[in-house]
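# Structural characterization, general
So you can see what is in the structure, the chains are spelled out below.
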Amino acid sequence: MEHESDDRTDGIETGTSYFGVRDRRHVERDLDRFVESGLNAVLHTFSEADQEYYQDTMAEIVDASHERGLTVYVNPWSVGRVFGGEAFSEFIGRHPQQCQVMSTGDRVGAACFNAPRFREFMREWTRDAAELGADVLFWDEPHWYIPAWHDQQDQFPDDAWSCRCTHCRTAYRERFDEPMPVAHTERVERFREQSLLSFLNEMMAVANEMGTQNAVCLLPSEDSDHGLRNWSDLAENPLLDVLATDPYWLIHADGSPTEFVGYFADTVVSLAQTHDLDSQIWIQGFRLDGGSDTTDAVRATTRTAIDSGVDSVFMWGYDACRSISSIACEEPDAVWSAYLEELP
Ligand SMILES: [Zn+2]
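These lines cover the structure that appears in this document, whether it is placed above or below. (Residues numbered from 1 in each chain as written. Predicted model: local features only at pLDDT ≥ 70, side-chain atom pairs only at ≥ 80, totals over all residues.)

## Concerning helix H7 (residues 186-209)
Defined as follows: Numbering of helices and strands starts at the N terminus; helices are DSSP runs of H or I of at least 4 residues and strands are runs of E of at least 2. In a helix, the anticipated span is given by 1.5 Å times the number of residues less one. Exposure classification rests on a simple neighbour count of other C-beta atoms within 10 Å of a residue's own: a residue reaching 20 or more is buried, one at 12 or fewer is exposed, and one in between is partly exposed. C-beta atoms are placed from the backbone. Contact definition: two residues whose C-beta atoms, as placed from backbone geometry, lie within 7 Å.
With 24 residues, H7 extends 34 Å between its outermost C-alpha atoms, agreeing within 8% with the 34 Å of an ideal straight helix rising 1.5 Å per residue. For H7, the full list of buried residues reads Val 188, Phe 191, Arg 192, Ser 195, Leu 196, Phe 199, Leu 200, Met 203, Met 204, Val 206 and Ala 207. Contact partners of the buried residues in H7: helix H5 (116-131), strand E6 (136-140), helix H6 (166-176) and strand E7 (213-218). Where H7 ends, the next residue or the one after it, Gly 211, has phi of about 80 degrees, a positive value.

## Section: the packing of helix H10 (residues 257-275) against helix H11 (residues 292-307)
Selection rule: Lines fitted to the C-alpha atoms define the axes, with helices restricted to the stretch that makes contact. Angles between their N-to-C directions range from 0 to 180 degrees. Any angle that falls under 35 degrees is termed roughly parallel, while one over 145 is termed roughly antiparallel, one within 65 to 115 roughly perpendicular, and all others oblique. Two helices crossing with the near one rotated counterclockwise from the far one by less than a right angle form a left-handed crossing, whereas a clockwise rotation gives a right-handed crossing. When residues are sorted by character, Ala, Val, Leu, Ile, Met, Phe, Trp, Tyr, Cys and Pro go into the nonpolar class, Asp, Glu, Lys and Arg into the charged class, and all the rest, Gly among them, into the polar class.
Running from amino to carboxyl end, H10 crosses H11 at an angle of 25 degrees, the nearest separation of the two axes being 9 Å. Taken as axis vectors, H10 and H11 run roughly parallel relative to one another. Read as a crossing pair, H10 and H11 show a hand that is right-handed. Along the contact surface, H10 presents Pro 257, Thr 258, Val 261, Gly 262 and Ala 265, while H11 presents Ala 297, Ala 300, Thr 301, Thr 304 and Ala 305. Its residues placed into classes, the contact of H10 with H11 shows six nonpolar, four polar and no charged.

## Points about the sheet that holds strand E3 (residues 71-75)
Backbone hydrogen bonds are what pair the strands of a sheet, in a parallel or an antiparallel way. What counts is decided by this rule: Here, any two strands with at least 2 DSSP bridges between them count as paired.
As summarised here, the arrangement of the eight strands in space is E1-E2-E3-E6-E7-E8-E9-E10, forming a closed barrel in which the pairing is parallel. On average, each strand axis in the sheet is tilted by 25 degrees relative to the strand beside it, whichever way the strands run. As judged from the four bridges shared by E7 and strand E8 (residues 242-245), these two strands associate in the parallel manner. Looking at E8, one finds that Leu 218 is bridged to Thr 245. Across the sheet, H7 lies against E6 and E7, angled at about 150 degrees from E7, the strand it touches most. Most of the contacts of H11 go to strand E9 (residues 278-284), to which it runs at about 175 degrees, and overall it touches E9 and strand E10 (312-316).

Here you go:
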């Protein structure tokens, strides 16, 4: 970001996500070493639990980040279970009627983008997140429910999709003047994409009114199961400031990590130029094996993103997720160092 960057890294924003520590004294030690390593931005996760119990603490953490010259991003960590993250959602437990319904009729543990109380809840989250003092709200991996992500591959047939809740069926009928089909049709695809865009637009407008910038991070997959088929539909939104994607190669790529990262880096750079946005790439820093092949890939993908001309590079997450055992890298310190050393 231009507005607060110290340009310590040749004008490229370099950052990491940060989570799991809510004691300011401990956080400050980590922030200090990020700055010493040359980073100029940080993303603080702001989960439903943070919103409920740690608001003033989080505001202090944002302040401590600003005091060190860091640009601060804040994201809805797993809020409603429709964004990325390793956190639970109380909202979905309290409001089952606001959750998504699969085409099979099964209700699943993720809020619906069209559910009015979820939108209201997210508007409140957005105001709270902006009031922490965040420079940028980071709308991370907004997606409809993906059964394969929740170890339920066998629960639903391959062609099952979401969402056919009462809110979606009503909105679909109003829009197309016909009942919402059970089959996954082109109109259903369009409806899902338009619903996601409408949700993001509503939240980005709240952030924008509060003087906070908006970044949207799309999953590296151009389809409506993971987000959007045509990313221009989002990039053209005047409320958007940063177009990001997270091409985590070990999870999503079939072939070469650098080709995969390069393709998506070129995609966000090109769209950002067309629509006067900043572009951002996230480097995988979790679930990686040990060994030199892995650190070589971390270096190569970081270099690829930078050489593609992106405005911002981040790693998910700090210390290669050493503190989250379910997704930690096998040799986190080596991965983290490889990322930091490859930055300009
Ligand atoms: Zn729905």
